Amino acid sequence: MAFRIGQGYDVHRLAENRPLILGGVEIPYPLGLLGHSDADVLCHAIIDALLGAAGLGDIGRHFPDTYPQYKNMSSLSMLSMVADLLAKNQLAVENIDATVVAQEPKLTVYKEKMAENIARTMKLPSDAVNIKATTEEGLGFTGAGEGIAAQAVCLLRKGNV
């Protein structure tokens, strides 16, 4: 049995007149993330980690922001498409671990629902997905409240899935 590790990172600028969606959860906040899709940085980082571990490129290769069919698309839908692609390539997800970096809003009460959404979308047991959140103590673009970032790592298993 072969294992493959992947890591992903994404960042989006905060902007007015956009919903704030992280891990498929719409979070009440006056600003949302700017992007072609729903700009869910958490799902995007996870997608990049999964695609990287699979050796299948990155999110931009599979969901280019120049394609109108991806405009305002749910990132959970993208994640579901990646799950199908992994299965087609006989790759199973062992686990996903991700961190959202945001000064505001506080995300503690949303982390469990984010993990549930991701596990359900990927058809994984709930303990296979772990979501954390942190601030940058007022430093950098996230600390200044200009954007939100996310990092993710995953472990894939090659074989019958």
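Right above here is the structure, for reference.
In short, a report on the structure. Quick caveat: nothing in here was measured; it's all calculated off a predicted structure.

Let's talk about the packing of aromatic side chains
Under the defined criterion, the tally for this structure stands at two aromatic pairs. Ring centres of Phe63 and Tyr70 lie 5.3 Å apart, and the angle between their planes is 80 degrees; on these two criteria the pair is classed as edge-to-face. There is no split in this pair, since Phe63 and Tyr70 are both buried. Between Tyr67 and Tyr70 the ring centres are 6.1 Å apart and the planes differ by 10 degrees, which places this aromatic pair in the stacked class.

Observations regarding the pairing of strand 5 (residues 91–101)
Counting buried positions over the eleven residues of strand 5 gives eight, a clear majority of the element. The pairing of strand 5 with strand 7 (residues 147–158) spans ten bridges and is antiparallel. Residue pairing in the sheet places Thr99 in a bridge with Gln151 of strand 7. Pairing geometry for strand 5 and strand 6 (residues 129–134), over six bridges, is parallel. Note on strand 6: the bridge partner recorded for Val101 is Thr134. A crossover links strand 5 with its parallel partner strand 6, the connecting element being helix 4 (residues 111–122), and its sense is right-handed.

With respect to the nonpolar core
Counting 50 residues, the largest nonpolar core has Leu22, Leu50 and Ile118 as the members making the most contacts within it. Among the secondary structure elements, those contributing two or more residues to this core are strand 2 (20–22), strand 3 (25–27), helix 1 (41–54), helix 3 (75–88), strand 5, helix 4, strand 6 and strand 7. Looking at which element gives the most residues to this core, the answer is helix 1, with eleven residues. Those residues in contact with Ile118 that sit more than four places away from it in its chain are Gly23, Leu42, Ile46, Leu76, Leu79, Ile96, Val129 and Ile131.

Procedures and definitions
Residues numbered from 1 in each chain as written. Predicted model: local features only at pLDDT ≥ 70, side-chain atom pairs only at ≥ 80, totals over all residues. Heavy atoms only, no water. Phe/Tyr/Trp six-rings, centres within 6.5 Å; stacked < 30°, edge-to-face > 60°. Buried < 20%, exposed > 50% of the residue type's maximum accessible area, 1.4 Å probe, protein only. Helix = DSSP H or I, 4+ residues; strand = E, 2+ residues; numbered from the N terminus. Pairing = 2+ DSSP bridges. Right-handed = clockwise from strand over helix to strand, strands pointing away. Core = buried A, V, L, I, M, F, W, Y, C linked by side-chain atoms within 4.5 Å. Contact = heavy atoms within 4.5 Å.

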